[in-house]
Amino acid sequence: MRSRQSIFPWLVCLGGAIMLFSAMGLGSNVYSVYQPYIIIQNGFTNTQASWVITTRSLFIVLGMLSAGQLCARLGIRKTVSAAMGMLALSRLLFGSANSLPAYLAAAAITGLAYSWAGMIPLSLLINNWFRDRNAFALGLASAGSGLATILVPTPLTWLIEHWGLSAAFYSEGVLVLLLGLLVFLLVRDDPARMDLEPYCQGGDQPEDHTPIHHPAPGGMTPLYWGLFLAGVFLTGAPTGIGISNVGVLYRTEGFDPGTAAALVSCVGLALMVGKVLYGELADRLGGQLSSYLLYLSALLAFVLLCLASNGSKLCAFTAASLFGLALPLSNVSYSIWARDFLGDAGFAKGLKWSQSLYAFGIVVFGPVPGWLADLTGDYIASYQLFGAMMAVSFLFIALVYRRTNSGRRPGSSAGHLPENDRSGHCRV
């Protein structure tokens, strides 16, 4: 029983990683590989191509507004399994598309699948299954999206170059169907339905099964709630649109297709490392300091991304690495901020609004990179804008942390109590 108790939460975590590998990795991050080829093959302008990303983002917003209710009504397992099927369908539609409306329809289905098999159901799963190491487990599972961005771009580029866009999309659709079967086998909604308890470090469960309580800090007035949501909104375009245009940024500046694909993979590798590292740092240092470190990485990344025209591969790969390390700001951080600023009682509300405002930020700014590229001839102006937005977001989130005095190092007088006592037993 104890072996099953200690192993099954991590199997659910693995199922969550496969979800994110598919919904966020294949559905969003890896799309940057397709973007230059779609523009060339269909004769789209940069603005038209940007509308594909914007449409996907619009339906991400709609999906996120309904994700929590779907998970509550249908169950997490059924919701994410259906979303995986929708993602596979979207790949088939992309493969057969030969007009902008067809691409937009495929993008709409991708957006819904992204939401219904993305961070909201994953966060609910991790909260159900992990009493300890919650942030680490969330970071580990969400790293699946980074793994897709590492493994897929190079073979995908080869497929497109040798067999065409349709073959690449069809192959991806088959892969998603197989991964969807794994998700269905691994994911379970709640440990109680299997006569299990949430994961507890050390394997010892409290006798009365009392859950850990994270009270809401003081000071979250309507003004600071607005600053929090504004800070989240401002991360949407720099991260969501920024990663989708990395490939076309460097292709436009004269980098060859193989190098551009390698840069996308580099972002994915750093993203995977960043999510696990951020989760570990949040558990050890608290949400405040760990988030500040990610913001600094993001700001340095955007400075270097704006230097893409210098042709330096060293500069490009350094920019890609720092950018990937900072990308957990667009997903893992929202769960951590929701708990830091709102406590357990407001966690679901904070997560829902964070994910929705993030996606809404992508919708609002979705056409901007294409429009600026048509106007200026490159994507550098967009990354300058993204860097400025990230700096303002950093300011807003820092103000909210200062106001609420939350997210401190576990065990400090201002922060939350540590999750474990010195004996290694779960705190009750």
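Residues numbered from 1 in each chain as written. Predicted model: local features only at pLDDT ≥ 70, side-chain atom pairs only at ≥ 80, totals over all residues. Heavy atoms only, no water.

Under the criterion given, the structure shown has 25 aromatic pairs. Aromatic rings pair up to connect Trp225, Phe228, Tyr292, Tyr295, Tyr334, Trp337, Phe341, Tyr358, Phe394 and Tyr401 into one cluster. Over the face of the ring belonging to Phe184 we find Arg77, whose NZ or CZ atom lies 3.9 Å from the ring centre. A cation sits over an aromatic face here: Arg251 above Tyr37, 5.9 Å from the ring centre. (Phe/Tyr/Trp six-rings, centres within 6.5 Å; stacked < 30°, edge-to-face > 60°. Lys NZ or Arg CZ within 6 Å of the ring centre and 35° of its normal.)

This part covers the side chain of Ser291. If you trace the backbone, Ser291 turns up in helix α14 (residues 287–305). Taking the relative accessible area as the measure of exposure, Ser291 reaches 0% and is therefore buried. At a separation of 2.9 Å, a polar atom in the side chain of Ser291 contacts the side chain of Trp337. Not counting residues within four places of it along the chain, the set of residues in contact with Ser291 comprises Tyr278, Leu329, Trp337 and Tyr401. (Helix = DSSP H or I, 4+ residues; strand = E, 2+ residues; numbered from the N terminus. Buried < 20%, exposed > 50% of the residue type's maximum accessible area, 1.4 Å probe, protein only. Polar contact = N/O pair within 3.5 Å; in protein donor to acceptor, adjacent residues only side chain to side chain. Contact = heavy atoms within 4.5 Å.)

Next up on the list: the pattern of salt bridges. With the rule as written, the count across this model stands at 2 salt bridges. Put simply, Glu172 and Arg91 hold a salt bridge, and the shortest N to O gap is 3.1 Å. Here Glu172 is found in helix α10 (residues 165–186), whereas its partner Arg91 is found in helix α4 (residues 76–96), with 81 residues between them in sequence. Neither residue differs from the other here; Glu172 and Arg91 are each classed as buried. With a shortest N-O distance of 2.5 Å, Arg284 and Glu280 are connected by a salt bridge. With Arg284 and Glu280 both in helix α13 (residues 257–285) and 4 residues apart, the pair spans about one turn of that helix. (Salt bridge = Lys/Arg side-chain N within 4 Å of Asp/Glu carboxyl O.)

Where α14 meets helix α16 (residues 332–342), the axes come as close as 10 Å, and the angle between the chain directions of the two elements is 140 degrees. By the criterion of interaxial angle, the relationship of α14 to α16 is oblique. In this structure, α14 crosses over α16, and the sense of that crossing is left-handed. Within the contact between the two elements, α14 uses Gly287, Gln288, Ser291 and Tyr295 and α16 uses Ile336, Trp337 and Asp340. (Axes fitted to C-alpha atoms, helices over the stretch in contact; angles between N-to-C directions. Parallel < 35°, antiparallel > 145°, perpendicular 65-115°, else oblique. Left-handed = near helix turned anticlockwise from the far one by under 90°.)

Before going further, it helps to examine the side chain of Thr110. Examined against the element boundaries, Thr110 turns out to sit in helix α5 (residues 100–116). On the basis of relative accessible area, Thr110 is assigned to the buried category, the value being 1%. Within polar-contact distance, the side chain of Thr110 engages the side chain of Ser90 at 3.2 Å. A distance of 2.9 Å separates a polar side-chain atom of Thr110 from the backbone oxygen of Ala106. When sequence neighbours within four positions are dropped, the list of residues in contact with Thr110 reads Gly27, Arg56, Leu87, Ser90, Arg91 and Phe94.

Right, let's get into helix α9 (residues 153–163). Within the sequence span of α9, burial applies to Pro153, Leu156, Thr157 and Ile160. Seen along its axis, α9 keeps its buried residues to an arc of 100 degrees; they face one direction. Exposed and facing more than 90 degrees away from the buried side of α9 are His162 and Trp163. Among the structural elements, α2 (31–42), α8 (144–151), α10 and α13 are those in contact with the buried residues of α9. Directly beyond the C-terminal end of α9, a positive phi value near 100 degrees is found at Gly164. (Arc of directions from axis to C-beta.)

On average, residues of the protein score 85 in pLDDT, and 91% of them reach the 70 mark or higher. In the model, residues 206–211 has pLDDT below 50 throughout and makes 9 contacts with residues more than four positions away in sequence or in other chains. Confidence drops under pLDDT 50 across residues 413–428; counting only partners more than four residues distant or on other chains, this segment forms 38 contacts. (pLDDT = per-residue confidence, 0-100.)

This part takes up the environment of Ser321. Position of Ser321 relative to the elements: it lies in helix α15 (residues 313–326). Linking Ser321 and Asn134, residues 187 residues apart in sequence, is a C-alpha distance of 25 Å. Setting aside chain neighbours within four positions, we find Ser321 in contact with Cys266 and Ala270. Engagement of the side chain of Ser321 in a polar contact is seen with the backbone oxygen of Phe317, the distance being 2.8 Å.

Here we come to the packing of helix α11 (residues 222–244) against helix α17 (residues 347–365). For the pair α11 and α17, the least separation of the axes is 7 Å and the interaxial angle reads 50 degrees. Relative to α17, the element α11 is oriented oblique. Judged by the twist between their axes, the crossing of α11 over α17 is right-handed. In contact with Trp225, Phe228, Leu229, Val232, Phe233, Thr235, Gly236, Ala237, Thr239, Gly240 and Ile241 of α11, α17 contributes Lys349, Gly350, Trp353, Ser354, Leu357, Tyr358, Phe360, Gly361, Ile362, Val364 and Phe365. Partitioned by chemical class, the residues of the contact of α11 with α17 number 14 nonpolar, 7 polar and 1 charged. (Nonpolar A, V, L, I, M, F, W, Y, C, P; charged D, E, K, R; others polar.)

Let us look at unusual backbone geometry. Positive phi is not limited to glycine here, since Asn405 has a value of about 55 degrees. On the secondary structure map, Asn405 appears in the segment after α19 (380–404).

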